[in-house]
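# Secondary and tertiary structure notes
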2 protein chains.
Amino acid sequence: MKICILGAGNVASHLARAFCQANHDVVVWNRSESPLLAISEELQCRCTTDVRELPTDADAYIISVKDDAVRRVAELLSSTLSCTKPVVAHTAGSVSLEVLSGHFENAGVFYPLQTFSKDKSLNYSEVPFFVEGSGVVIKTLRDLAGTVSEHVYEMSSEQRKILHLASVFACNFTNHCYAISEKILSEISIPFNVMLPLIRETLDKVATMTPVKSQTGPAAREDYDVIESQMSLLEGNEVEQELYRLFSKNIITYKHND
Amino acid sequence: MKICILGAGNVASHLARAFCQANHDVVVWNRSESPLLAISEELQCRCTTDVRELPTDADAYIISVKDDAVRRVAELLSSTLSCTKPVVAHTAGSVSLEVLSGHFENAGVFYPLQTFSKDKSLNYSEVPFFVEGSGVVIKTLRDLAGTVSEHVYEMSSEQRKILHLASVFACNFTNHCYAISEKILSEISIPFNVMLPLIRETLDKVATMTPVKSQTGPAAREDYDVIESQMSLLEGNEVEQELYRLFSKNIITYKHND
């Protein structure tokens, strides 16, 4: 397939790589040139900063930019693209389809549920893709996602917002728990990697049982002495202390509701 | 070595298995009989509910019970054990050495940094062990831990409290983030395992870069529109909403302090 990617950030770069690996014909546009250099060097695909240089006969145009820039890039694309009825999709978890459907008849969403870092390679076949659109759009996006991943699901904008929220807890907030842990460990000059076997096991457990069933720790044991003593260790770190309090309270609530 | 374990919970069971795998002579005591049955069946080691039946010449007595029961079991052991100067250690992250040192001259701590679930096997050689004690105690506990794991560290009670707090954030609270994620996903009838590639990648990232550097998501991007929209999706779930607010605030703080 002939695919145009608009954007050159983390998600865009990974999609460009995934599409190239799947032998698609990939063209990448970005407003500024510098992030394009790494992409064109690695993937040897066409890159441009001039939206008028994009092919007008691509099977799909994938807008992969910051959430609040989707609308602007969609306007730019629609004002330039001379072809009728292009398939145009964005990759933003929390942006609804409507942002595109005002500009394009064949608008869609192409959302990969993964955390992308520029320099870290990924096995794309395991990444779940959530696609949205009607008629020709959903078929094109399903086909495209299917060349990259074994896990392709259809999902509405409303549902995707919930999915995105769930992923913020499962990924972004857990990562911040690691950041807090690292900060606490720095007080006793212990490197964070001492935690890696523990956090790997925590993950292995939720892969085989539900998170509520695999919950351990002072709150799960309702050990209020330890909870209080740990709260007092956080004295002076207001946010961390309040997070500790809320987590402990909620762990106990979930346990009793299970 | 001849090792007595007092307790038959998650940690005690795993230690019994680890010590048996390392070919030590293991005897397990527990107040109630039922958890002992599974241990004696699996490991074919001696188990008893009568503390007077424990050998008096063991190289170490490891008390592995709930934090608030350590003192009680220590009293029971000290009133029964006729041998002089036994090496006695507990396995509790948040209990200081002093709880034992009133009863035993050779008191110590033998703390494995891991989350233990009864039916889940583990590679013990990767588990970090933190030991504390003086003279003969530290030598015995170091030797014992060294037969099980490649990662043995000496650490004071004060430092261990900090370590334990850090592990609560890295393990227990991340697990609760998974539980919240699962609850949110249940609203759209999506199973939690759709998140597994994402959370595996989150972990892989912190194994290669610092948690602060690997932070992604709406708060890391300071995308206040998405933050506000996700906060409103949590309307009616007070604790989750407040956790969302505090996490987002703190992610931004850490980013600016990095």
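A quick note: this is a predicted structure, and the numbers were derived from the prediction, not measured.

So, how was this worked out
- Residues numbered from 1 in each chain as written.
- Chains lettered and ligands numbered in written order.
- Predicted model: local features only at pLDDT ≥ 70, side-chain atom pairs only at ≥ 80, totals over all residues.
- Heavy atoms only, no water.
- Helix = DSSP H or I, 4+ residues; strand = E, 2+ residues; numbered from the N terminus.
- Buried < 20%, exposed > 50% of the residue type's maximum accessible area, 1.4 Å probe, protein only.
- Contact = heavy atoms within 4.5 Å.
- Areas by Shrake-Rupley, 256 points an atom, 1.4 Å probe, with all protein chains shown as cover.
- Lys, Arg positive; Asp, Glu negative; His and termini not counted.
- Charge placed at Lys NZ, Arg CZ, Asp CG, Glu CD.
- Core = buried A, V, L, I, M, F, W, Y, C linked by side-chain atoms within 4.5 Å.
- Pairing = 2+ DSSP bridges.
- Axes fitted to C-alpha atoms, helices over the stretch in contact; angles between N-to-C directions.
- Expected span 1.5 Å × (residues − 1).
- Disulfide = S-S within 2.5 Å.
- 1 Å grid on protein atoms, 1.4 Å probe; cavity = no way out; pocket = protein on both sides within 12 Å on 5 of 7 lines; lining within 4 Å.
- Points joined across faces, edges and corners; volume = space filled by probe spheres on them.
- Nonpolar A, V, L, I, M, F, W, Y, C, P; charged D, E, K, R; others polar.
- Least-squares fit on C-alpha atoms with pLDDT ≥ 70 in both.
- Parallel < 35°, antiparallel > 145°, perpendicular 65-115°, else oblique.
- Salt bridge = Lys/Arg side-chain N within 4 Å of Asp/Glu carboxyl O.

## So, the overall build of chain A
In terms of regular secondary structure, chain A is built from 9 helices and 8 strands. Here the C-alpha coordinates of chain A stretch approximately 70 × 40 × 30 Å along the principal axes. Split into buried and exposed, the 258 residues of chain A put 58% on the buried side. Residue pairs at least 24 apart in sequence account for 53% of intrachain contacts in chain A once pairs closer than 6 positions are excluded. As presented, chain A carries roughly 10600 Å² of accessible surface, and 46% of it is formed by carbon and sulfur atoms. Positive and negative side-chain charges of chain A, numbering 23 and 33 respectively, have mean locations separated by a distance of 3 Å.

## Brief notes about the nonpolar core
As a rule of thumb, soluble globular proteins bury nonpolar side chains together. Judged by nonpolar contacts, the single largest core of 130 residues is most densely connected at Leu-77, Leu-163 and Met-195 of chain A together with Leu-77, Leu-163 and Met-195 of chain B. Ignoring anything within four residues of it in the chain, the contact list for Met-195 of chain B reads Leu-113, Leu-163, Ala-166, Ser-167 and Ala-170 of chain A together with Ser-181 and Leu-185 of chain B.

## Focus: the sheet that holds strand 2 (residues 25-29) of chain A
Residues and elements named next belong to chain A. With respect to topology, 8 strands assemble into an open sheet ordered 3-2-1-4-5-6-7-8, the strand pairing being mixed. The open sheet has two edge strands with one neighbour each: strand 3 (46-48) and strand 8 (151-154). With strand direction ignored, the average angle separating the axes of adjacent strands in the sheet is 25 degrees. Sitting on the sheet, helix 1 (residues 10-21) touches strand 1 (2-6), strand 2, strand 4 (60-63), strand 6 (106-112) and strand 7 (128-132), and the angle it makes with strand 1 is about 165 degrees.

## Quick word on helix 9 (residues 238-257) of chain A
Helix length check: helix 9 of chain A (20 residues) gives 29 Å between terminal C-alpha atoms against 28 Å at 1.5 Å per residue, within 8%. Here helix 9 of chain A has its buried residues at Val-239, Glu-240, Gln-241, Leu-243, Tyr-244, Leu-246, Phe-247, Ser-248, Asn-250, Ile-251, Ile-252 and Tyr-254 of chain A. For helix 9 of chain A, the elements touching its buried residues are helix 6 (157-186) and helix 8 (224-233) of chain A together with helix 6 (157-186) and helix 9 (238-257) of chain B.

## Thoughts on the state of the cysteines
One way to say it: the disulfide is the covalent bond shared by the sulfur atoms of two cysteines. Counted by the stated rule, this structure contains 0 disulfides over all chains. No disulfide involves Cys-47 of chain B; its sulfur sits 4.2 Å from the nearest other cysteine sulfur, which is in Cys-45 of chain B.

## Focus: the layout of surface pockets
In this structure, the largest pocket spans a volume of roughly 1100 Å³. Lining of the largest pocket is provided by 43 residues; of these, Asn-10, Val-11, Val-65 and Lys-66 of chain A together with Arg-221 of chain B occupy positions nearest its centre. Contributing elements (two or more residues each) for the lining of the largest pocket: helix 1, helix 3 (70-80), strand 6 and helix 6 of chain A. No other element matches helix 6 of chain A, which puts 5 residues into the lining of the largest pocket. Classifying every residue of the lining of the largest pocket gives 19 nonpolar, 16 polar and 8 charged. Of the pockets and cavities examined, the second largest pocket occupies roughly 880 Å³. Together, 43 residues line the second largest pocket, and Thr-216, Gly-217 and Arg-221 of chain A together with Asn-10 and Val-11 of chain B are the ones closest to its centre. Ranked by the residues each element gives to the lining of the second largest pocket, the list is headed by helix 6 of chain B, at 7 residues.

## Considering the sheet that holds strand 7 (residues 128-132) of chain B
All names here are of chain B. The strand order 3-2-1-4-5-6-7-8 describes an open sheet built from 8 strands, whose pairing is mixed. One side of each edge strand has no neighbouring strand; the edge strands of this open sheet are strand 3 (46-48) and strand 8 (151-154). Strand-to-strand twist across the sheet, computed as the mean angle between neighbouring axes with direction ignored, equals 25 degrees. Sheet topology note: the strand 7/strand 8 ladder contains 4 bridges and is parallel. Bridge assignment links Pro-128 to a residue of strand 8, and that residue is His-151. Here helix 2 (residues 34-43) sits on the sheet in contact with strand 2 (25-29) and strand 3, set at roughly 175 degrees to strand 3. Strands strand 1 (2-6), strand 2, strand 4 (60-63) and strand 5 (87-90) of the sheet are contacted by helix 3 (residues 70-80), whose axis makes an angle of about 150 degrees with strand 4.

## Quick notes on the relation of the copies chain A and chain B
Between the two copies, chain A and chain B, the superposition gives an RMSD of 0.0 Å; the rotation angle is 180 degrees and the shift along the axis is 0.0 Å. Such a turn and shift between the copies fits a two-fold axis. Considering only C-alpha atoms, the part of chain A nearest the rotation axis is Thr-174 of chain A, at 2.4 Å. Looking at chain A, 100% of its interface residues are interface residues in chain B too, so the copies touch through the same face.

## Focus on the packing of helix 8 of chain A against helix 6 of chain B
Where helix 8 of chain A meets helix 6 of chain B, the axes come as close as 10 Å, and the angle between the chain directions of the two elements is 100 degrees. Taken together, the axes of helix 8 of chain A and helix 6 of chain B are roughly perpendicular relative to one another. Only Lys-161, Ile-162, His-164, Leu-165 and Val-168 of chain B of helix 6 of chain B make contact with helix 8 of chain A, whose side of the interface consists of Val-226, Gln-230 and Leu-233 of chain A. Across the contact of helix 8 of chain A with helix 6 of chain B, the residue classes break down as 5 nonpolar, 2 polar and 1 charged.

## Topic: the packing of helix 7 (residues 196-208) of chain A against helix 7 (residues 196-208) of chain B
Helix 7 of chain B packs onto helix 7 of chain A with a crossing angle of 175 degrees between their chain directions and a minimal axis gap of 11 Å. Between helix 7 of chain A and helix 7 of chain B, the interaxial angle falls into the category roughly antiparallel. Between helix 7 of chain A and helix 7 of chain B, the contacting residues are Leu-196, Ile-199, Arg-200, Leu-203, Val-206 and Ala-207 of chain A on the first element and Leu-196, Ile-199, Arg-200, Leu-203, Val-206 and Ala-207 of chain B on the second. Taken together, the residues of the contact of helix 7 of chain A with helix 7 of chain B break down into 10 nonpolar, no polar and 2 charged.

## Thoughts on the pattern of salt bridges
Per the counting criterion, the structure on display carries 26 salt bridges over all chains. Where Lys-139 of chain A meets Asp-143 of chain A, a salt bridge forms, and the shortest distance between an N and an O atom there is 2.6 Å. Placement of both Lys-139 of chain A and Asp-143 of chain A in helix 5 (residues 136-148) is noted, with a separation of 4 residues, approximately one turn of the helix. For Glu-154 of chain B, the salt bridge is made with Arg-142 of chain B, and the minimal N-O distance between the two is 3.6 Å. Separated by 12 residues along the polypeptide, Glu-154 of chain B in strand 8 and Arg-142 of chain B in helix 5 (residues 136-148) bring together distant segments of the chain. Among the ionic contacts, a cluster of salt bridges with common partners joins Asp-67 of chain A together with Arg-221 and Asp-223 of chain B.

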